Number of protein chains: 2
Amino acid sequence: MITKNKQLSSGLEDYLETIYIAHIKKQPLKGAELARQLNISRASVSEALSKLVAKKLIKYDSYKEISITEEGKEQAIKIYNKHNALKHFFEEIIGVEKKEAEENACKIEHIISQNVFDKISDFTQFCRENPEIINKYKKLK
Amino acid sequence: MITKNKQLSSGLEDYLETIYIAHIKKQPLKGAELARQLNISRASVSEALSKLVAKKLIKYDSYKEISITEEGKEQAIKIYNKHNALKHFFEEIIGVEKKEAEENACKIEHIISQNVFDKISDFTQFCRENPEIINKYKKLK
DNA sequence: ACAAATTGTTAGGTTTGCCTTACACTCATG
DNA sequence: CATGAGTGTAAGGCAAACCTAACAATTTGT
């Protein structure tokens with residue numbers, strides 16, 4: 001008997017995150033639309049959705065809209081928070097352009113540890129509360 | 001005719017980085033030792049070395065020591081610098097423990113863009129030159 | 001110098017995640 | 001209510017990166 005793995009692959013995290021964002025924005029989402037957004041074939045999306053259903057992170061009936069479970073939301077929020085924390089840090093603190101900040105965040109969000117993420121968040125918050133730091137830093141550039 | 005891809009996979013970057021570090025430390029390195037260090041089978045290492053040889057990043061004759069080419073060094077240094085910059089940032093600036101800093105750096109080094117890496121380095125340098133920032137930050141924790 | 005240990009390679013397998021093709025099912029609109 | 005557009009999925013493939021097992025080649029130690 002194979003015990004189901006709780007840890008998601010980068011790919012599944014991307015699917016789940018996209019589903020979560022659509023949920024937040026109250027945008028109905030079917031498999032085909034998800035495939036378009038992620039630029040992946042409908043067939044691959046179909047497989048991935050089965051896996052997420054098996055892990056009880058989403059609910060899905062063919063031809064209906066995808067919905068996310070409470071457990072799915074919990075996981076998605078963690079990823080999404082990492083994404084945002086990284087993006088903000090890159091943009092606000094070290095001065096990376098929006099697009100590049102986004103791209104790097106998208107990749108790093110899947111591999112960074114919870115603790116490092118927490119520390120980056122804390123540090124970003126600290127810099128916001130002490131804007132003279134960033135002002136000084138920007139002056140040097 | 002297929003043009004050879006210059007961009008290395010994460011895996012090949014790890015092999016190359018390890019080879020480079022052994023080179024720096026002047027430690028002789030054979031395939032079997034590399035396999036031990038990376039905790040990967042000798043068979044897989046054998047395949048990987050062939051790829052690195054094909055890309056002219058290393059030189060290797062069976063049963064001899066692996067050596068790294070100039071081009072290999074260039075690539076390895078880029079990766080190694082990213083690794084170090086990330087590790088230092090994690091440890092010195094945001095206060096992550098050595099082991100965790102190392103682990104995160106090992107993964108992120110393969111996916112972070114050159115520009116984000118440069119900015120993280122710059123920011124780390126800035127914090128070193130202004131130690132009151134980190135002192136203040138640490139006081140809050 | 002020869003046996004034992006080490007090192008390297010080959011062959012064949014597994015897994016993951018993607019693909020295309022082809023077909024089936026459903027929906028929506030004239 | 002039929003048909004075309006949209007959606008879903010099964011089958012079969014491919015490539016990457018790993019594995020084990022078995023064997024071959026080399027090196028080492030006595």
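Above this text is the structure in question.
Summary of the structure given here. (Residues numbered from 1 in each chain as written. Chains lettered and ligands numbered in written order. Predicted model: local features only at pLDDT ≥ 70, side-chain atom pairs only at ≥ 80, totals over all residues. Heavy atoms only, no water.)

On to the side chain of His-83 of chain A. Residues and elements named next belong to chain A. Tracing the sequence through the fold places His-83 in helix 4 (residues 70–93). Overall, the relative accessible area of 6% leaves His-83 in the buried class. Apart from residues no more than four positions distant in its own chain, His-83 is found in contact with Glu-17, Glu-102, Ala-105, Cys-106 and Glu-109. (Helix = DSSP H or I, 4+ residues; strand = E, 2+ residues; numbered from the N terminus. Buried < 20%, exposed > 50% of the residue type's maximum accessible area, 1.4 Å probe, protein only. Contact = heavy atoms within 4.5 Å.)

With that settled, the discussion passes to the relation of the copies chain B and chain A. Least-squares fitting of chain B to chain A yields an RMSD of 0.1 Å, with the transformation described by 0.0 Å of translation along the axis and a rotation of 180°. Taken together, the rotation and translation relating the two chain copies correspond to the operation of a two-fold axis. When C-alpha distances to the rotation axis are compared across chain B, the minimum falls at Ile-108 of chain B, with a value of 3.2 Å. Mapped onto chain A, 100% of the interface residues of chain B again fall at the interface, so both copies present the same surface. (Least-squares fit on C-alpha atoms with pLDDT ≥ 70 in both.)

Turning to the protein's contact with DNA strand C, a few remarks are in order. Lining the immediate surroundings of DNA strand C are 20 residues, of which Ser-9 of chain A together with Ala-32, Arg-36, Tyr-60 and Ser-62 of chain B lie closest. For DNA strand C, the backbone makes up 58% of the atoms found within 4 Å of the protein, where backbone means sugar plus phosphate. Within the backbone of Ala-32 of chain B, one N or O atom sits 2.6 Å away from a phosphate oxygen of DNA strand C. Tyr-63 of chain B places a side-chain nitrogen or oxygen 3.3 Å from a base oxygen of DNA strand C. Of all the elements in the fold, those that place two or more residues in the surface near DNA strand C are helix 3 (42–54) of chain A together with helix 2 (31–38) and helix 3 (42–54) of chain B. When residues in the surface near DNA strand C are grouped by element, the largest group, four residues, is from helix 3 of chain A. Grouping the amino acids of the surface near DNA strand C by side-chain chemistry returns eight nonpolar, seven polar and five charged. (Near = heavy atom within 4 Å. Polar contact = N/O pair within 3.5 Å; in protein donor to acceptor, adjacent residues only side chain to side chain. Nonpolar A, V, L, I, M, F, W, Y, C, P; charged D, E, K, R; others polar.)

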